[in-house]
2 protein chains.
Amino acid sequence: MAKRLLTSLTLMATMAAGASFADGHIAGAIKARQGQMQLYAHYLGVLGGMARGNTEYNAEAAQAAADSLLAVASISGATLWPQGSDMDSVEGTRAKAAIWENFADVGAKSMAVTTAAANMATAAGTDLESLRAAMGDLGGTCGACHKAYRGR
Amino acid sequence: MAKRLLTSLTLMATMAAGASFADGHIAGAIKARQGQMQLYAHYLGVLGGMARGNTEYNAEAAQAAADSLLAVASISGATLWPQGSDMDSVEGTRAKAAIWENFADVGAKSMAVTTAAANMATAAGTDLESLRAAMGDLGGTCGACHKAYRGR
């Protein structure tokens, strides 16, 4: 009973704070952009595994992963981040409302990811040293956006 | 009690059939390919909304969605479909084991999606009629793979 009360209070507090369950349009956009992040993580994992020596360097596989990463970075975000899809407004996302207040900065950080991904696509198939050299910058551009705009 | 027994029996039956929880490597690949499907669904939704007249046709927005769809179709599947990531082997996926027994056919169906997406990228920004004309073929190529290789 006490637990049920606590659950109800938590739910009420959440609703009072403004967050609610996303409607179909918003929920679909959130799922899609989270899908983009999963793909980033996957191909970064393939490249990172080679960079750290956990998997053997393979130029063809590295090139395919880097090309894929660049493709993922090149998709349009225009419909993936609709107004009202921030973590204060809906459940199931860690996207800070600050994103929608700093579009110019978000755009610049997004462009930095694409540039770093393009550099990786040039480097990855060359040799392991080149791949390793491109890795830090790529991870840094991901982290810069997460640090500023991803909540807990 | 009867329900708990039933749950136990179901779990035992599932384990007997070979399905288990995916390890990190397999689980990551499944999440990533499901992310790819979410992105397909999202951009198809944008284009489909215009095709059905639910949203107003906008050449620039249609082109961005179609270009994104083509980018999503062009990513490498080499590491997204590891052996042992089928629905008979692990939880959380509807990928039929038949995929790994019919790689040539899967490859052909995947290529058909990419071709249809390329045709959409040519059509979408032209006008609404062209977009509509490209839609059926695109949906058909998605459906062909789902029908053959996606379980329930």
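Residues numbered from 1 in each chain as written. Chains lettered and ligands numbered in written order. Predicted model: local features only at pLDDT ≥ 70, side-chain atom pairs only at ≥ 80, totals over all residues. Heavy atoms only, no water.

**Some remarks on the relation of the copies chain B and chain A**
Once chain B has been moved 0.0 Å along the axis and rotated by 180°, it coincides with chain A to within an RMSD of 0.0 Å. What the rotation and shift describe, once combined, is the action of a two-fold rotation axis. Taking the C-alpha atom as reference, chain B places Gly35(B) closest to the rotation axis, 1.7 Å from it. A share of 100% of interface residues in chain B that are also interface residues in chain A marks the association as one of identical surfaces. (Least-squares fit on C-alpha atoms with pLDDT ≥ 70 in both. Contact = heavy atoms within 4.5 Å.)

**Thoughts on helix α4 (residues 103-123) of chain B**
Residues and elements named next belong to chain B. With 21 residues, α4 should reach 30 Å at 1.5 Å per residue; the first-to-last C-alpha distance of 30 Å fits that figure. Those residues of α4 lying buried are Val106, Val113, Ala116, Ala117, Met120, Ala121 and Ala123. End-on, the buried residues of α4 take up no more than an arc of 165°, which puts them together on one face. Of the exposed residues in α4, the ones pointing more than 90 degrees away from its buried face are Ala104, Met111 and Thr122. (Helix = DSSP H or I, 4+ residues; strand = E, 2+ residues; numbered from the N terminus. Expected span 1.5 Å × (residues − 1). Buried < 20%, exposed > 50% of the residue type's maximum accessible area, 1.4 Å probe, protein only. Arc of directions from axis to C-beta.)

**Some words on the environment of Tyr40(B)**
Residues and elements named next belong to chain B. Checked against the element boundaries, tyrosine 40 lands in helix α2 (residues 24-51). By relative accessible area, which is 14% here, tyrosine 40 ends up buried. Along the sequence, tyrosine 40 and alanine 71 sit 31 residues apart, while their C-alpha atoms lie 9.9 Å from each other. When sequence neighbours within four positions are dropped, the list of residues in contact with tyrosine 40 reads Leu69, Val72, Ala73 and Val113.

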